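Examination of the molecular architecture
Given next are the chains, with one letter for each unit.
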Amino acid sequence: KGICALQMDIKIEGITKEILQEALAQANVGRQQIMDCMLGAISEPKKELSPYAPKVFMMRIEPEQIKDVIGPGGKNINEIIEKSNDVKIDIEQDGRVTIYHFDQEAIHTAAKLIENIVKKAEVGEVYDGKVVRVEDKFAFVELFEGTNGFLHVGDVAHERINKVSDVLKVGDTAKVKVIKITDKGVNVSRKALLPKPIVKEEKKESE
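Before going into details, it helps to say that this report is about the structure given with it.

Some details on the overall build of the protein
For the protein, the count of helices and strands is four helices and eight strands. Reading the secondary structure of the protein in the N-to-C direction produces α-β-α-α-β-β-α-β-β-β-β-β. In terms of overall size, the protein is more extended than a compact globule, its C-alpha atoms giving a radius of gyration of 31 Å where 207 residues would be expected to give roughly 17 Å. In terms of overall dimensions, the protein has C-alpha extents of about 110 × 65 × 30 Å along its principal axes. Residues counted as buried form 25% of the 207 residues belonging to the protein. For the protein, the proportion of contacts with a sequence separation of at least 24, taken over those separated by at least 6, is 55%. Counting only carbon and sulfur atoms, one obtains 52% of the accessible surface of the protein, whose full area is about 15900 Å². For the protein, the distance from the average site of its 32 positive side-chain charges to the average site of its 35 negative ones is 5 Å.

Written out as structure tokens, the structure reads:
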């Protein structure tokens with residue numbers, strides 16, 4: 001539809017309008033021939049890369065979380081690399097994380113392991129947690145790897161219960177909601193996700 005820029009290697013003293021028109025017309029034909037060859041080979045990009053093609057994935061973490069991903073003496077980052085079929089991981093000071101490998105599944109595994117380390121619970125989120133510890137007045141529910149939620153006996157059910165073990169056992173799956181986050185940890189409630197009991201009002205008999 002138009003020309004934005006031209007780069008020309010001119011070995012003559014000048015150029016006429018006719019020469020320019022002819023050159024652009026020839027270039028248009030040549031460009032169309034190239035496009036026809038390309039479309040004849042592949043009409044659209046493949047949905048997936050070849051399994052042997054090098055691949056890259058980028059994600060971002062908070063700069064203060066870099067030390068958690070790396071771990072003491074590089075322990076965490078080395079475990080991630082080992083579990084992910086020797087992916088290559090670069091971490092920049094601003095929190096940019098780049099993962100390289102030819103195997104997309106290996107990249108996905110490494111990204112998931114990093115996400116598990118830096119993931120933070122937020123108020124209002126709901127988890128299908130695993131009960132990992134039960135005491136009389138409280139229980140700990142694993143929300144995701146590395147993060148447990150504190151479940152008080154008063155937040156287990158709407159009805160009054162004496163001991164958490166009357167309802168939950170270690171190994172049970174409990175759907176809980178994050179209700180508060182403090183410096184001490186994450187507080188969760190099972191009761192908040194249960195339907196409230198219907199209180200039936202007794203009808204007064206007419207005298």
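Quick look at the pattern of salt bridges
In the structure shown here, the tally under the stated rule is six salt bridges. Residue Glu79 is joined to Lys75 by a salt bridge in which the shortest nitrogen-to-oxygen separation is 3.1 Å. Taken together, the positions of Glu79 and Lys75, both in helix 3 (residues 75-83) and four residues apart, correspond to about one turn of that helix. Overall, Lys75 belongs to the partly exposed group, its relative accessible area being 45%. In this structure, Asp94 and Arg96 form a salt bridge, with 2.8 Å as the shortest nitrogen-oxygen distance. For Arg96, a relative accessible area of 34% translates into the label partly exposed.

A look at the side chain of Ser84
Its location among the elements puts Ser84 in the loop between helix 3 and strand 2 (88-91). Within the structure, Ser84 has its side chain in polar contact with the backbone nitrogen of Ala110 (distance 3.3 Å).

Topic: the sheet that holds strand 5 (residues 138-144)
Sheet strands pair via backbone hydrogen bonds, and the direction of the pair is either parallel or antiparallel. Spatial ordering of the closed barrel is given by 4-5-6-8-7, a layout of five strands whose pairing is mixed. Within this sheet the neighbouring strands show an average axis-to-axis angle of 55°, counted without direction. For strand 4 (residues 126-134) and strand 5, the ladder comprises four bridges, and the chain directions are antiparallel. When the bridges of strand 5 are listed, Arg133 appears paired with Phe140.

What about unusual backbone geometry?
Of note, the phi angle at Asn85 is positive, near 60°, even though the residue is not glycine. For Asn85, a relative accessible area of 44% corresponds to the partly exposed category. A positive phi angle, near 60°, is found at Asp86, a position not held by glycine. With respect to the element layout, Asp86 can be found in the loop between helix 3 and strand 2.

Some remarks on the nonpolar core
Counting residues in each nonpolar core, the largest one holds 19 residues, and the members touching the most others are Ala121, Leu143, Val178 and Val188. For this core, the secondary structure elements donating two or more residues are strand 4, strand 5, strand 7 (173-182) and strand 8 (185-189). Setting aside residues no more than four positions away along its own chain, Ala121 makes contact with Tyr127, Leu143, Phe144, Val178, Ile181 and Val186. Judged by nonpolar contacts, the second largest core, of 17 residues, contains Ile66, Ile77, Ile80 and Ile107.

Points about the pairing of strand 2
The pairing of strand 2 with strand 3 (residues 96-101) spans four bridges and is antiparallel. Opposite Lys88, over in strand 3, you have Tyr100 as the bridge partner.

Thresholds applied
- Residues numbered from 1 in each chain as written.
- Predicted model: local features only at pLDDT ≥ 70, side-chain atom pairs only at ≥ 80, totals over all residues.
- Heavy atoms only, no water.
- Helix = DSSP H or I, 4+ residues; strand = E, 2+ residues; numbered from the N terminus.
- Rg over C-alpha atoms; globule rule 2.2 N^0.38 Å.
- Buried < 20%, exposed > 50% of the residue type's maximum accessible area, 1.4 Å probe, protein only.
- Contact = heavy atoms within 4.5 Å.
- Areas by Shrake-Rupley, 256 points an atom, 1.4 Å probe, with all protein chains shown as cover.
- Lys, Arg positive; Asp, Glu negative; His and termini not counted.
- Charge placed at Lys NZ, Arg CZ, Asp CG, Glu CD.
- Salt bridge = Lys/Arg side-chain N within 4 Å of Asp/Glu carboxyl O.
- Polar contact = N/O pair within 3.5 Å; in protein donor to acceptor, adjacent residues only side chain to side chain.
- Pairing = 2+ DSSP bridges.
- Axes fitted to C-alpha atoms, helices over the stretch in contact; angles between N-to-C directions.
- Core = buried A, V, L, I, M, F, W, Y, C linked by side-chain atoms within 4.5 Å.

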